[in-house]
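Below are the chains, spelled out letter by letter.
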Amino acid sequence: MAKLERVPPAAVVIEDLTIRYRKGKELFSAVDGLSMTMNAGEITSILGPNGAGKTSTIEACEGFRRPTSGTIRVFDLDPVRDAVQLRPRVGVMLQEGGAWLGVRAGELLRYVASLYANPLDVPALLERLDLQDHAQTNFRRLSGGQRQRLCLAMAIVGRSDLVFLDEPTAGMDPHSRRATWDIIRELRDGGAGVVLSTHHMDEAESLSDRIHILKDGRLAASGTPTDLLRESRNPLLELSVNGELDLVALARAVPELNKVVDAVAGLYSFDVKPSTEIMARVASWCVDHRIELRGIRTHEPTLEELFLSLTKRVEQ
Amino acid sequence: MTLDLTPKPGAAPWPSRLWAHVRMELRLLSRQGEQLLLTIVIPLMVLILGSKADSLLKTDAPLDVVLPGVLALALVSMSFTSLAIGTGFERRYGVLKHLGATPLSPQGLLWGKALAIALAQGVQGLLLFGVALVLGWRPQADTSWISFGALVVLGSLAFAGLALLLAGSFRAEITLALANLLFILASAFGGVVVSVDRLPAPLAPLVAYSPTGALGEGMRAVFAGDPAGMHLVVLTVWANVAGAACMKWFKWE
């Protein structure tokens, strides 16, 4: 029997996108033949080192810049030509703020809310973001984290069905980060598409339904966090001991441990499919050789490691 | 309180968006001490001091000499200096970019600014005419109020165009410095308060065709009951040149 899969509707479809800038006399490709989609009802993270083309791609989706070639469709509309229809449907949180320094937090949010037909309740939104005590505070006097929360509020107050968040938790304390993650998940659960750009791999891993990793303006990897990690590498077996290990002797006793990935003062990783059986043999070998074993565990691949290996800089 | 985060997109009707922005602009303007000093206090001071300067100005009706120049000065302070500085920092802080992506839209932003400046200039006009009347000034019977209106509109367009050109091309601090410097230079030597025929010989013909000279001389002509057609033509040319330059060079970020 065919399995019925929920196919989420595409909010953004990017096909063969290229964006070039003129840098002095040189023509420089920020985005180079990129194709990807971002769905409604999903959180999509766009990851990549600085200069990978994240901002250019997102800004083209927001209609701030025109593609050099290729197409972008947002809800099957053109971000530049159909801007009038798209502006109410797309909420944007800019990295640099986008607010007057002399404006009061509550006043700014009320103003932005008044541009939309069905805005969120402003006092409730301020309270949800723990800004209710700062409604009368000038933007200039808000802390970095408070500014970020207010900018997030501006991006979502209009109840758009697609929200672009550029590093939404930069400068936030751990409590605010968790609160922001909850809001982002709630937006997604309500059916909005959320596009996230972030340098926090833990954030991307725990929030994203789909991750696109960019490098040099191209797609380096793409998929759900689980798929990406499953395909990235095997789990490792990690040993930590007091003192030094004789790796040759160990490999003779436990031949599976012949591939050493990392060995730094007392911490050793082996590329081997970890099993209880191997761990038991390692433990008993340590007992026989009077080695003080401090820990033995499997080390699952993390998004951060995958990201670092995919976007490694080639030294010239 | 629970917050319903399900999407329900939609733009407010355009008049409410526009009005929301106008109110925001006016609130921000009224809160900035240095802007109020520039646009209200300085013109009022020049008017009041000028009304007592009958011996210096060698006239027994000093307000007739001073008021037209002060009106021109007030217009330049609002539609050039204040607009340039405000827009320069809005560009720097990403306000222009951000609002351009909301249902306000770049067009709404432009119209909102225009309307806010028009209203603020209305307040300036009420204050300046009011104080002048209290000080004893009376309009002459042959003053052409239509020419006055045309001067205000064309002058505002020309100076707003130049302000946006400055704000859209330079860094915010440079815009701040240039806008203030040009305002001071124009007030002293630009034919705004001091009439062009009192300026040194090599400067006078140049200034007559500058936007500040055309506005100042135009105002003096209107209130003296003289035709202001030439000055209106000069301002029209400047408004078009500044507008075209803005279209070409204004950068949103």
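Since this is a predicted model, take the numbers as computed values, not measurements.

Basis of the calculations
Residues numbered from 1 in each chain as written. Chains lettered and ligands numbered in written order. Predicted model: local features only at pLDDT ≥ 70, side-chain atom pairs only at ≥ 80, totals over all residues. Heavy atoms only, no water. Domains from an automatic or database assignment. Salt bridge = Lys/Arg side-chain N within 4 Å of Asp/Glu carboxyl O. Helix = DSSP H or I, 4+ residues; strand = E, 2+ residues; numbered from the N terminus. Buried < 20%, exposed > 50% of the residue type's maximum accessible area, 1.4 Å probe, protein only. Core = buried A, V, L, I, M, F, W, Y, C linked by side-chain atoms within 4.5 Å. Contact = heavy atoms within 4.5 Å. Pairing = 2+ DSSP bridges. Axes fitted to C-alpha atoms, helices over the stretch in contact; angles between N-to-C directions. Buried area = accessible area lost by both parts, 1.4 Å probe. Polar contact = N/O pair within 3.5 Å; in protein donor to acceptor, adjacent residues only side chain to side chain. Nonpolar A, V, L, I, M, F, W, Y, C, P; charged D, E, K, R; others polar. Parallel < 35°, antiparallel > 145°, perpendicular 65-115°, else oblique. Left-handed = near helix turned anticlockwise from the far one by under 90°. Patch = residues over 30% accessible without salt bridge, like charges linked within 9 Å, V, L, I, M, F, W, Y side chains within 5 Å. Areas by Shrake-Rupley, 256 points an atom, 1.4 Å probe, with all protein chains shown as cover. Lys, Arg positive; Asp, Glu negative; His and termini not counted. Charge placed at Lys NZ, Arg CZ, Asp CG, Glu CD. pLDDT = per-residue confidence, 0-100. 1 Å grid on protein atoms, 1.4 Å probe; cavity = no way out; pocket = protein on both sides within 12 Å on 5 of 7 lines; lining within 4 Å. Points joined across faces, edges and corners; volume = space filled by probe spheres on them.

**Some details on the domain arrangement of chain A**
Step number 1: Annotation of chain A at the domain level lists domain 1 (10–230) and domain 2 (234–300).
Step number 2: A separation of 44 Å is found between the C-alpha centroids of domain 1 of chain A and domain 2 of chain A.

**Some details on the pattern of salt bridges**
Residues and elements named next belong to chain B.
Step number 1: In total, this model carries 25 salt bridges over all chains according to the counting rule given.
Step number 2: Linking E90 and K113 is a salt bridge whose minimum nitrogen-to-oxygen distance equals 2.7 Å. Taken together, the residues E90 in helix α3 (residues 62–92) and K113 in helix α5 (residues 105–134) connect sequence positions 23 residues apart.
Step number 3: Accessibility expressed as a relative area gives 5% for E90, which makes it buried.
Step number 4: The shortest N-O distance in the salt bridge between E217 and R220 comes to 2.8 Å.

**Structural notes on the nonpolar core**
Step number 1: Judged by nonpolar contacts, the single largest core of 103 residues is most densely connected at W100(A), L108(A), L109(A), Y111(A), L125(A), I156(A) and L165(A).
Step number 2: The greatest single-element share of this core, amounting to 15 residues, is contributed by α3(B).
Step number 3: With residues near it in sequence (within four places) discarded, L125(A) still touches L109(A), L120(A), A153(A), I156(A), V157(A) and L3(B).
Step number 4: Grouped together as the second largest cluster of nonpolar side chains are 29 residues, I19(A), A40(A), L77(A) and V92(A) included.

**Side note on the sheet that holds strand β1 (residues 10–23) of chain A**
Residue and element names in this part refer to chain A.
Step number 1: Spatially, 3 strands are ordered β2-β1-β4 in an open sheet, and the strand pairing comes out antiparallel. What marks the edges here is a single partner per strand, and that holds for β2 (26–39) and β4 (69–74). Between one strand axis and the next, the sheet turns by 20° as a mean value, whatever way the strands run.
Step number 2: Direction of pairing for β1 relative to β2: antiparallel, over a ladder of 11 bridges. Residue pairing for β2: A10 is matched across the bridge by N39.

**A closer look at the interface of chain B and chain A**
Step number 1: Taken together, the 33 residues of chain B in the interface contact 42 residues of chain A.
Step number 2: Buried surface at the junction of chain B and chain A, both sides included, amounts to about 3,500 Å², of which 63% is carbon and sulfur.
Step number 3: Broken down residue by residue, the surface that chain B buries against chain A is led by L3(B), L5(B) and H98(B), which jointly contribute 20%.
Step number 4: Our enumeration of links across chain B and chain A arrives at 4 salt bridges.
Step number 5: Note that E107(A) and R31(B) form a salt bridge whose closest N and O atoms lie 2.5 Å from each other.
Step number 6: Connecting chain B to chain A are 15 residue pairs in polar contact (both at pLDDT 80 or more).
Step number 7: Those elements giving two or more residues to the side of chain B that touches chain A turn out to be α1 (14–31), α4 (95–100) and α5 of chain B.
Step number 8: Broken down by class, the residue content of the side of chain B that touches chain A amounts to 17 nonpolar, 8 polar and 8 charged.

**Points about the packing of α3(B) against α5(B)**
Residues and elements named next belong to chain B.
Step number 1: Where α3 meets α5, the axes come as close as 11 Å, and the angle between the chain directions of the two elements is 155°. Judged on the interaxial angle alone, α5 and α3 are roughly antiparallel. For α3 against α5, the interelement crossing comes out right-handed. Contact residues: L63, L67, V70, L71, A74, L75, S77, M78, S79, L83, T87 and E90 in α3; K113, I117, A120, Q121, Q124, L128, F129 and A132 in α5.

**Section: a negative patch on the surface**
Step number 1: A cluster of acidic side chains, namely E127(A), D130(A), D133(A) and D173(A), defines a negative patch on the protein surface.
Step number 2: Tracing the chain through its elements places D130(A) in the loop between α4 (122–128) and α5 (144–156).

**Quick look at the confidence of the model for chain A**
Step number 1: Averaged over all residues, the pLDDT of chain A equals 90, while 96% of them reach at least 70.
Step number 2: Mean pLDDT values for the elements of chain A range from 84 in strand β11 (residues 260–264) of chain A up to 97 in helix α3 (residues 105–113) of chain A.

**Describing the packing of helix α9 (residues 211–223) of chain B against helix α10 (residues 229–249) of chain B**
All names here are of chain B.
Step number 1: Taken N-terminus to C-terminus, the directions of α9 and α10 make an angle of 150°; their axes are 9 Å apart at the nearest point. Our classification of the angle between α9 and α10 gives roughly antiparallel. Where α9 crosses over α10, the handedness of that crossing is left-handed. For the pair α9 and α10, contact is made by P211, A214, L215, E217, G218 and A221 and by H231, V234, L235 and W238, respectively.
Step number 2: Residue composition of the contact of α9 with α10, by class: 7 nonpolar, 2 polar and 1 charged.

**Some words on the layout of surface pockets**
Step number 1: By volume, the largest pocket is sized at about 1,500 Å³.
Step number 2: In terms of lining residues, the largest pocket is bounded by 45 residues, among which P106(B), Q107(B), L110(B), F250(B) and W252(B) are the most central.
Step number 3: Looking at the lining of the largest pocket, the elements that each hand over two or more residues are α2 (83–86) and β5 (90–93) of chain A together with α3, α4, α5, α6 (145–167) and α10 of chain B.
Step number 4: When residues in the lining of the largest pocket are grouped by element, the largest group, 10 residues, is from α5(B).
Step number 5: Grouping the amino acids of the lining of the largest pocket by side-chain chemistry returns 28 nonpolar, 9 polar and 8 charged.
Step number 6: Counted as a void, the second largest pocket has a volume near 700 Å³.
Step number 7: As for the second largest pocket, its lining consists of 30 residues, of which L28(B), Q32(B), Q35(B), I85(B) and G86(B) are closest to the centre.

**Some points on a nonpolar patch on the surface**
Step number 1: A grouping of L181(B), L182(B), L185(B), F189(B) and L203(B) is seen on the molecular surface, where their side chains present a nonpolar patch of about 420 Å² in accessible area.
Step number 2: Among the secondary structure elements, L203(B) is positioned in the loop between α7 (172–189) and α8 (204–208).

**Details of the side chain of E167(A)**
Residue and element names in this part refer to chain A.
Step number 1: Locating E167 in the fold gives a position in the loop between β6 (162–166) and α6 (174–189).
Step number 2: Although buried, E167 forms no salt bridge, and the nearest oppositely charged side chain, K54, lies 5.8 Å from it.
Step number 3: With near-sequence residues (within four places) excluded, E167 lies in contact with Q95, Q148, S197, T198 and H199.

**Thoughts on unusual backbone geometry**
All names here are of chain A.
Step number 1: Its identity is not glycine, yet F75 carries a phi of approximately 50°, on the positive side.
Step number 2: Relative to the elements of secondary structure, F75 occurs in the loop between β4 and α2.
Step number 3: For F75, a relative accessible area of 18% translates into the label buried.
Step number 4: Of note in the backbone geometry, D130 takes a positive phi value of approximately 60° without being a glycine.
Step number 5: Classification of D130 as partly exposed rests on a relative accessible area of 48%.

**Some remarks on the side chain of D161(A)**
Step number 1: Locating D161(A) in the fold gives a position in the loop between α5 and β6.
Step number 2: Once you skip the residues sitting within four places of it in the chain, D161(A) turns out to touch F75(A), R89(A), A192(A), G193(A), P7(B) and P9(B).

**With respect to the sheet that holds strand β7 (residues 193–197) of chain A**
All names here are of chain A.
Step number 1: Spatially, the 6 strands line up as an open sheet ordered β5-β6-β7-β3-β8-β9, and their pairing is mixed. On the outer flanks of this sheet lie β5 and β9 (218–223), each paired with one strand and no other. Between one strand axis and the next, the sheet turns by 15° as a mean value, whatever way the strands run.
Step number 2: For β6 and β7, the ladder comprises 5 bridges, and the chain directions are parallel. Among the inter-strand pairings, F164 is bridged to a residue of β7, identified as V195.
Step number 3: Sheet strands touched by α5: β5 and β6. Its angle to β5, the strand with the most contacts, is close to 165°.

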